[in-house]
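Per-entry structural report
Residues per chain, in single letters:
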Amino acid sequence: MGVLSRAALSLVLAACGSARVATTPFSGPPPTAVLVLPPRALGTGDSVDLRFFAYGADRALQSRGYRSLPLGAGFDLWRRFGASRPDEPEVDVLRRLQHQAGIDAVLLLEVSDWRVQQDSRLRNADWDVTWRMIEAATGAEIWRHRLQGHWSRAQESPTQARTWTEEPPPVEIGGTRGESFASERELAAGLHRSALARLPAMTR
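In what follows, the accompanying structure is described. Since the model is a prediction, treat every value here as computed from it, not as a measurement.

1. Remarks on the pattern of salt bridges
Pairing is possible between side chains that carry opposite charge, provided their charged atoms lie close to one another. Taken as a whole and assessed by the stated rule, the structure comprises eleven salt bridges. Between E110 and R132 there is a salt bridge; the shortest N-O distance is 2.8 Å. With E110 in strand β3 (residues 105–118) and R132 in strand β4 (residues 122–135), this pair connects stretches of sequence that are 22 residues apart. Connected through shared salt-bridge partners, R40, E110, R132, E141 and R144 make up one network.

Here it is, written out as C-alpha cells:
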C-alpha cells in the first residue's frame, strides 16, 4: 500500500472513530423497562414552557434497546400510581411501579435552562438539561448525563433544507457542525437522542 493510500485510510479510520459515542456505565443493575417522567424545571421560574420538551425521549430509549411506554401513557401511569411530589420520585411509588407494572427505572428530565425563540420555524435556543436514571427498587441514581448549549438557525438554501419528516442526526448539539431544527419538538428529540446515546445499549 502506498504512502498516500495509507494516509487516506488513516483519515477514514479517524473519522469513523470520531463518530463513535462513549457510553457511561450504570452504577447499579442495568434496567430493561424505563418510564420517562414529566420534565421538571429547576430554578427556571414559572414562565418556562416545557410542554414539548419530553418529545422523543421514549423513542430515544427504545433506539438503545430499552422498553419504554409512549409519553402520554407513561405520564398517566406515573400519576395513577400516586406520584405527588414535583422533586425526587417517592420510593414507595417507584416500588409499586416495579412490582405492579414491571418498571425497572424511571428517567428524570431536569431542566435548568430552556429558552427558545421561533417564528414560523425555530430561530434559536439555549438549554441546560440533565437526564437522570433512578432505580425503581431502591430510589438510587444509577446514571446521569448533562447537556448545555446554544443553537441558532443558519440561513439555508432551498436545496439544503430538510423536509418536515426528516430527523436530525444524533450528534452532540452545540458542536461545530451546523444542524437544522424546524421546531422546538425537533430540537428536543435531537437532544434526547444525543444524551441517551450515552446509555449502554441493551442486547436482546
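2. Some remarks on the pairing of strand β5 (residues 141–152)
Taken residue by residue, a regular strand's side chains alternate between the two faces of the sheet. Pairing geometry for β4 and β5, over eleven bridges, is antiparallel. Among the inter-strand pairings, A125 is bridged to a residue of β5, identified as W151. Linkage of β4 to β5, two consecutive antiparallel strands, is achieved through a turn of five residues, within which G139 is found at a positive phi near 80°.

3. Digging into the packing of aromatic side chains
Scanning the entire structure with this criterion turns up four aromatic pairs. When the centroid spacing of 6.4 Å and the interplanar angle of 80° are considered together, the rings of F26 and Y66 count as edge-to-face. Of the two residues, F26 sits in the loop between α1 (3–19) and β1 (34–36) while Y66 sits in the loop between α2 (57–63) and α3 (71–80), which places them 40 residues apart along the sequence. Accessibility assignment for this pair places F26 and Y66 in one class, buried. Ring centres 5.3 Å apart and planes at 75° place the aromatic pair W151 and F181 in the edge-to-face group. Of the two residues, W151 is situated in strand β5 and F181 in the loop between β5 and α5 (184–196); the sequence distance between them amounts to 30 residues. Members of the aromatic cluster, joined through ring pairs, are F53, W114 and W131. Just above the ring of Y55 sits the side chain of R59; from NZ or CZ to the centre is 5.0 Å.

4. Structural notes on the pairing of β4
Counted residue by residue, β4 has 13 buried out of 14 residues, so it is predominantly covered. Bridging between β3 and β4 involves 13 bridges; their strand directions are antiparallel. Its bridge partner lying in β4, Q118 is registered against L122. In this structure, the hairpin formed by β3 and β4 is closed by a connection of three residues.

5. Notes on the environment of L147
By the secondary structure assignment, L147 is in strand β5. Note: C-alpha distance between L147 and V111 (36 residues apart in sequence) is 9.9 Å.

6. What about the environment of L196?
Mapped onto the secondary structure, L196 falls in helix α5. Given a relative accessible area of 1%, L196 falls into the buried group. Spatially, the C-alpha atom of L196 lies 6.7 Å from that of L61, the residues being 135 residues apart in sequence. Leave out the neighbours within four places in its chain, and L196 touches A57, A60, L61, R64, L107, W131 and W143.

7. Some details on the nonpolar core
In summary, soluble globular proteins display a tendency toward joint burial of nonpolar side chains. Core analysis: the largest hydrophobic core is formed by 34 residues, its most contacted members being F53, L61, L107, W127, W131 and M133. The set of elements that each furnish at least two residues to this core consists of β1, α2, α3, β3, β4, β5 and α5. Counting residues per element, this core draws most heavily on β4, at six residues. Contact partners of M133, with chain neighbours within four places excluded, come to F26, V34, L61, A105, V106, L107, A140, E141, I142, W143 and L199.

8. Concerning the environment of L42
Take L42: it is sitting in the loop between β2 (40–41) and α2. In this structure the C-alpha to C-alpha distance between L42 and V111, which are 69 residues apart in sequence, comes to 5.7 Å.

Rules used throughout
- Residues numbered from 1 in each chain as written.
- Predicted model: local features only at pLDDT ≥ 70, side-chain atom pairs only at ≥ 80, totals over all residues.
- Heavy atoms only, no water.
- Salt bridge = Lys/Arg side-chain N within 4 Å of Asp/Glu carboxyl O.
- Helix = DSSP H or I, 4+ residues; strand = E, 2+ residues; numbered from the N terminus.
- Pairing = 2+ DSSP bridges.
- Phe/Tyr/Trp six-rings, centres within 6.5 Å; stacked < 30°, edge-to-face > 60°.
- Buried < 20%, exposed > 50% of the residue type's maximum accessible area, 1.4 Å probe, protein only.
- Lys NZ or Arg CZ within 6 Å of the ring centre and 35° of its normal.
- Contact = heavy atoms within 4.5 Å.
- Core = buried A, V, L, I, M, F, W, Y, C linked by side-chain atoms within 4.5 Å.

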